[in-house]
Amino acid sequence: MRENRTVPFDPARLFAPARGASGWPRLPTVLGEAAVATSHPLATRAGVRALEAGGNAVDAALAAAVMLTVCEPGHNGPGGDLFALLWWDGALVGLNGSGRSPAELEAHVVEQVGPRSVTVPGAVDAWEGLATRFGRLGLDAALGPAIDAAGRGTVATPRVAEHWRLAGGHAPWPAPRIGERYVLPGLAATLRRIAEWGRDGFYAGTVAEAIAGASWLSPADLAAHRSEWVEPLRLAYRGLEVCELPPNGQGAAALIALALSDGLDLGLHGEVEAMKLALADAHGHIADAPLPAFLLDPAHLARRRALIRPGGALDAQPSRDGATTYLCCVDGDRNAVSLIQSTYDHFGSGVLAGDTGVVLQNRGACFSAEPGHPNELAPARRPFHTIIPGMLLEGGRLLGPFGVMGGSMQAQGHFQVVRSLAAGADPQAALDAARFRVLEGRTVALEPGLWAEAEALRAAGHDPVLSTDPHGFGVGQAILTLGDALVAGSDGRGDGHAAGL
């Protein structure tokens, strides 16, 4: 008799470099009416069901986003933040749903994790703002499927189980194995409260009291929070218009890297150097303030580009990983949503707000410790933020939403995916393409598909690392318009897929 096993295969082999693959690419998903692309099957299903119920791209995005708080609880949740880019009725709209530090600080010291790393969670207010301004079905409809999933339980997918395991004691709940069911009754109750009371079910009353009791935030900090509608940044790049949100997010880093690399002919070395300079500019200047205009000024870009030499690698600043989830949707009216939400580290601060099921983010860790830095901790200030949704336009019309999640990898992922798309790759191919990741000093990590470039990089002064672990290179989604159709892709480094109508 065959032995029954919980997982009838070796989980460690799931994340090993592929051997004996067919050599043929994964085809993109092509749809006629509407598309949803997420990092988890149940989130994609929730988004498609919202479309089937008569909802638009915002309704689908919200249903998928809230489902992800259940399916990927280490990556995002009501205790995190949210950013969104929308193409709506022919106009580009941005939403900054990030929260602030306490309005009253006893000491200007922030921790990397724990109660003093928490900033006000912005996701719930952003959900309501999107539903109220653009949705058809209402926020309660978006919350319903996730409430059911949290209450009855869902099974852990490979990436979720692995990241949960890696979080170790930082996670508030024991890590499930692949295929093992877990239940989040506290989160179900909180989502149910939000469905009944809207944002006030989170930023006031028992949930707000629990958050304040578990962190350095006060009930007044939570009550005062509001999302901000913002004007996106735009960059012309090889016939496309690349759109990112302004600070306090790091979207400008992707734009700077694209602008620096345009016109260079130095191969992968030039791309890596352009990314290093862009990240340095971002970490030096991005804060809770408008983007300094000179960063995208042609004269500044020319001076920075001149630092990129054929045989001389620059040093990069250290950066951190992050736990994030990204999704995108396009509906039958060709309105589009690019949405990203996150708790930063895996399970954020590691702080659970009482019995609410809300894991609080640790975005305070992104404040600079350098005195006088524009991103220095101050009362009621939003920190430098890693999460960035993207949007592409062509000829003043929607081309499509895209994004790559994963801490400091996000700007690097945007840079590499956009370059692939501009060169003619379909969304799936652009997401599947091998990536590099700039690390500290002159170290650059390479996925297996770029290992052949290692010697050339070493000759140019880099310290290449051949990575056998996919988790540091981000997970992305993208949907592009193609005539009357939509072409979608979902990153093979994640658990999800694209689907639609």
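Bear in mind the structure is a predicted one, so any value in this text is a computation, not a measurement. (Residues numbered from 1 in each chain as written. Predicted model: local features only at pLDDT ≥ 70, side-chain atom pairs only at ≥ 80, totals over all residues. Heavy atoms only, no water.)

### Describing the sheet that holds strand β15 (residues 397–405)
In a beta sheet, neighbouring strands pair by backbone hydrogen bonds and run either parallel or antiparallel. Pairing is antiparallel in the open sheet, where seven strands are placed in the order β1-β20-β19-β15-β14-β9-β8. Looking at strand neighbours, the two that pair on one side only are β1 (29–31) and β8 (233–237), the edges of this open sheet. Taking the axes of each pair of neighbouring strands and ignoring which way they run, one obtains an average angle of 20° across the sheet. Of the strand pairs in this sheet, strand β19 (residues 475–482) and strand β20 (residues 485–490) are connected by six bridges, and their pairing is antiparallel. The residue of β20 that forms the bridge with Ala478 is Gly489. Most of the contacts of helix α10 (residues 251–261) go to β8, to which it runs at about 20°, and overall it touches β8 and β9 (240–244). (Pairing = 2+ DSSP bridges. Helix = DSSP H or I, 4+ residues; strand = E, 2+ residues; numbered from the N terminus. Axes fitted to C-alpha atoms, helices over the stretch in contact; angles between N-to-C directions. Contact = heavy atoms within 4.5 Å.)

### Regarding the side chain of Asp345
Looking at the element boundaries, Asp345 is found in the loop between β11 (336–344) and β12 (351–352). Reaching out from Asp345, the side chain makes a polar contact with the side chain of Asn362 at a distance of 2.9 Å. (Polar contact = N/O pair within 3.5 Å; in protein donor to acceptor, adjacent residues only side chain to side chain.)

### Some details on the layout of surface pockets
By volume, the largest pocket is sized at about 900 Å³. Taken together, 30 residues line the largest pocket, and the ones lying closest to its centre are Ala16, Ala18, Asp432, Gly492 and Arg493. Broken down by secondary-structure element, the contributors of at least two residues to the lining of the largest pocket are α5 (158–167) and α14 (427–432). By residue class, the composition of the lining of the largest pocket is 13 nonpolar, eight polar and nine charged. (1 Å grid on protein atoms, 1.4 Å probe; cavity = no way out; pocket = protein on both sides within 12 Å on 5 of 7 lines; lining within 4 Å. Points joined across faces, edges and corners; volume = space filled by probe spheres on them. Nonpolar A, V, L, I, M, F, W, Y, C, P; charged D, E, K, R; others polar.)

### Focus: the side chain of Glu72
Its location among the elements puts Glu72 in the loop between α2 (57–71) and β3 (81–88). Ignoring any residue separated from it by four or fewer positions in sequence, one finds Glu72 in contact with Ser39, His40, Arg159, Val160, Tyr182 and Thr325.

### Let's talk about the packing of aromatic side chains
Scanning the entire structure with this criterion turns up seven aromatic pairs. Both rings, one in Trp164 and one in Tyr182, keep their centres 5.0 Å apart while their planes meet at 75°; by these two values the pair is edge-to-face. Separated by 18 residues along the polypeptide, Trp164 in helix α5 and Tyr182 in strand β6 (residues 181–182) bring together distant segments of the chain. Residue Trp164 is classed as buried on the basis of its relative accessible area, which comes to 3%. Here the aromatic residues Trp164, Trp173, Tyr182 and Phe347 are joined through ring pairs into a cluster of three or more. Positioned above the aromatic ring of Trp229, the side-chain terminus of Arg133 is 4.4 Å from the ring centre. (Phe/Tyr/Trp six-rings, centres within 6.5 Å; stacked < 30°, edge-to-face > 60°. Buried < 20%, exposed > 50% of the residue type's maximum accessible area, 1.4 Å probe, protein only. Lys NZ or Arg CZ within 6 Å of the ring centre and 35° of its normal.)

### Points about the pattern of salt bridges
Applying the stated criterion across every chain, the model contains 19 salt bridges. Measuring nitrogen to oxygen at the nearest pair gives 2.6 Å for the salt bridge that ties Arg199 to Asp125. Residue Arg199 is found in the loop between α6 (185–197) and α7 (200–203), and its partner Asp125 is found in helix α3 (residues 123–134); the two are separated by 74 residues along the sequence. Both residues of the pair, Arg199 and Asp125, belong to the buried class. Salt-bridge contacts for Arg458 lead to Glu455; the nearest nitrogen and oxygen are separated by 2.5 Å. Separated by three residues within a single helix, Arg458 and Glu455 lie in helix α15 (residues 454–459), roughly one turn from each other. Residue class for Arg458 comes out partly exposed when judged on its relative accessible area of 40%. (Salt bridge = Lys/Arg side-chain N within 4 Å of Asp/Glu carboxyl O.)

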